[in-house]
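# A structural walkthrough
Spelled out from the first residue to the last, the chains are:
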Amino acid sequence: MNTPGTIGRPAAHGPQRIDGIRALTARTTDLAALDACQDQNRTTELHLIPEALARSHMSERAREAESQRMSRQLAIADRLHRRSRRLQARAERASHRARRALAQAVMQNR
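Heads up: these notes are all about the structure in this document. (Residues numbered from 1 in each chain as written. Predicted model: local features only at pLDDT ≥ 70, side-chain atom pairs only at ≥ 80, totals over all residues. Heavy atoms only, no water.)

Helix and strand content of the protein chain: 1 helix and 0 strands. Put simply, the protein chain has 110 residues, and 3% of those count as buried. When the accessible surface of the protein chain is totalled, it reaches about 10,700 Å², and 57% of it is carbon and sulfur. (Helix = DSSP H or I, 4+ residues; strand = E, 2+ residues; numbered from the N terminus. Buried < 20%, exposed > 50% of the residue type's maximum accessible area, 1.4 Å probe, protein only. Areas by Shrake-Rupley, 256 points an atom, 1.4 Å probe, with all protein chains shown as cover.)

Here it is, written out as structure tokens:
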């Protein structure tokens, strides 16, 4: 394996800090500024994690509520459709009875 460090002292992961007293050159100054900026970004991101989690949770809840609303509307539509078909069949049966009664009345009067 090419992993740096040992079992007792594993190598540190993450950004390496500039240590020791060195003459600050333009490059070292740039690296120090970049390191400070990265630390600031990381700190800001860590502070924003609960907000991102809350936003994610709320969007999931909104999707769940929308799904339940759609399923409820589908169930109501299905119920209304079945009722409509029952009423239509009932009306057709009443129409057939009326036509039969009318036909019987016409045939008896002949």
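Now that the structure has been shown, we can carry on.
Residues Leu46, Ile49 and Leu53 make up a contiguous nonpolar surface patch of about 300 Å² in total accessible area. Among the structural elements, Ile49 can be located in helix H1 (residues 26-108). (Patch = residues over 30% accessible without salt bridge, like charges linked within 9 Å, V, L, I, M, F, W, Y side chains within 5 Å. Salt bridge = Lys/Arg side-chain N within 4 Å of Asp/Glu carboxyl O.)

Right, let's get into the environment of Glu60. Looking at the secondary structure, you find Glu60 in helix H1. In terms of polar contacts, Glu60 uses its side chain to reach the side chain of Arg63, at 2.9 Å. (Polar contact = N/O pair within 3.5 Å; in protein donor to acceptor, adjacent residues only side chain to side chain.)

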